[in-house]
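Structural characterization, general
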Amino acid sequence: LGCKPSHFEVLTALAFAHFAHVKVDVMVVEAGLGGVTDATNVFSASNLAASVITTIDEEHLEALGGSIRSIAQAKAGIMKSGCANIVGQQVLDDVSELLTCHANAVGATLLDAAEDISVFPVRTHVEGADVWQECDIIHWAPAGAPGLPEEETAALEHW
């Protein structure tokens, strides 16, 4: 390779190896810094239910090129064709335009978090135990999105 992996890259690789070993059903993975070159950006579209880009601001400004535009370009690198790509509300029109252009360039379908996604709380009880699980169900219907069923449902647990 010629370069030494960072502490984050080593920990990320170890975590992914552990998750594979214990055969987790679902992983929610947050990028460490950026997107396109992040150690977490190793999954193919066939292994992703969705990628999510939240509101882009000046977080990690210096590390990601010094401008909001360079941050948006780095974060856009997680978008993949064939899975849902959910984008949160962007404060700057320039960022929204850049994300849309990148999605078009890679053949990715964009879903607007405010318009295309509905979240509602669900409370379930595990039979025979005094455990209540609170979760939000995230539901999207990506009208004609390639490689996706007509409707997808995912649950994110909140403890």
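Attention in this report is confined to the structure presented alongside it.

Rules behind the numbers
Residues numbered from 1 in each chain as written. Predicted model: local features only at pLDDT ≥ 70, side-chain atom pairs only at ≥ 80, totals over all residues. Heavy atoms only, no water. Helix = DSSP H or I, 4+ residues; strand = E, 2+ residues; numbered from the N terminus. Expected span 1.5 Å × (residues − 1). Buried < 20%, exposed > 50% of the residue type's maximum accessible area, 1.4 Å probe, protein only. Arc of directions from axis to C-beta. Pairing = 2+ DSSP bridges. Axes fitted to C-alpha atoms, helices over the stretch in contact; angles between N-to-C directions. Contact = heavy atoms within 4.5 Å. Patch = residues over 30% accessible without salt bridge, like charges linked within 9 Å, V, L, I, M, F, W, Y side chains within 5 Å. Areas by Shrake-Rupley, 256 points an atom, 1.4 Å probe, with all protein chains shown as cover. Salt bridge = Lys/Arg side-chain N within 4 Å of Asp/Glu carboxyl O. Lys, Arg positive; Asp, Glu negative; His and termini not counted. Charge placed at Lys NZ, Arg CZ, Asp CG, Glu CD.

Moving on: helix α3 (residues 93–106). In a regular helix each residue adds 1.5 Å, so 14 residues correspond to 20 Å; α3 covers 20 Å between its end C-alpha atoms and thus fits that length. Of all the positions in α3, only V95, L98, L99 and A103 are classed as buried. Down the axis of α3, the smallest arc covering the buried residues is 135 degrees, so these residues share one side. Facing away from the buried surface of α3 by more than 90 degrees, the exposed residues are D93, E97, N104 and A105.

This paragraph deals with the sheet that holds strand β1 (residues 50–53). The parallel open sheet is built from three strands, whose spatial order is β1-β2-β3. Here the strands that pair on one side only, and so sit at the sheet edges, are β1 and β3 (109–112). Sheet twist, expressed as the mean angle between neighbouring strand axes with direction ignored, is 30 degrees. By the bridge criterion, four bridges tie strand β2 (residues 84–87) to β3 in an arrangement that is parallel. Residue V87 lies in a different strand from β3, and its bridge partner there is D112.

A word on the side chain of K80. Tracing the chain through its elements places K80 in the loop between α2 (68–76) and β2. Among all residues touching K80, those that are not within four sequence positions of it are N41, F43, A45, L48, N85 and A108.

Here we come to a negative patch on the surface. Together, E30, D57, E58 and E59 give the surface a local cluster of negative charge. In this structure D57 comes out as partly exposed when scored by relative accessible area, which is 43%.

So, about the side chain of S51. Structurally, S51 can be placed in strand β1. For S51, a relative accessible area of 6% corresponds to the buried category. The contact partners of S51, leaving out residues within four places of it in the chain, are I78, M79, C83, A84, N85 and I86.

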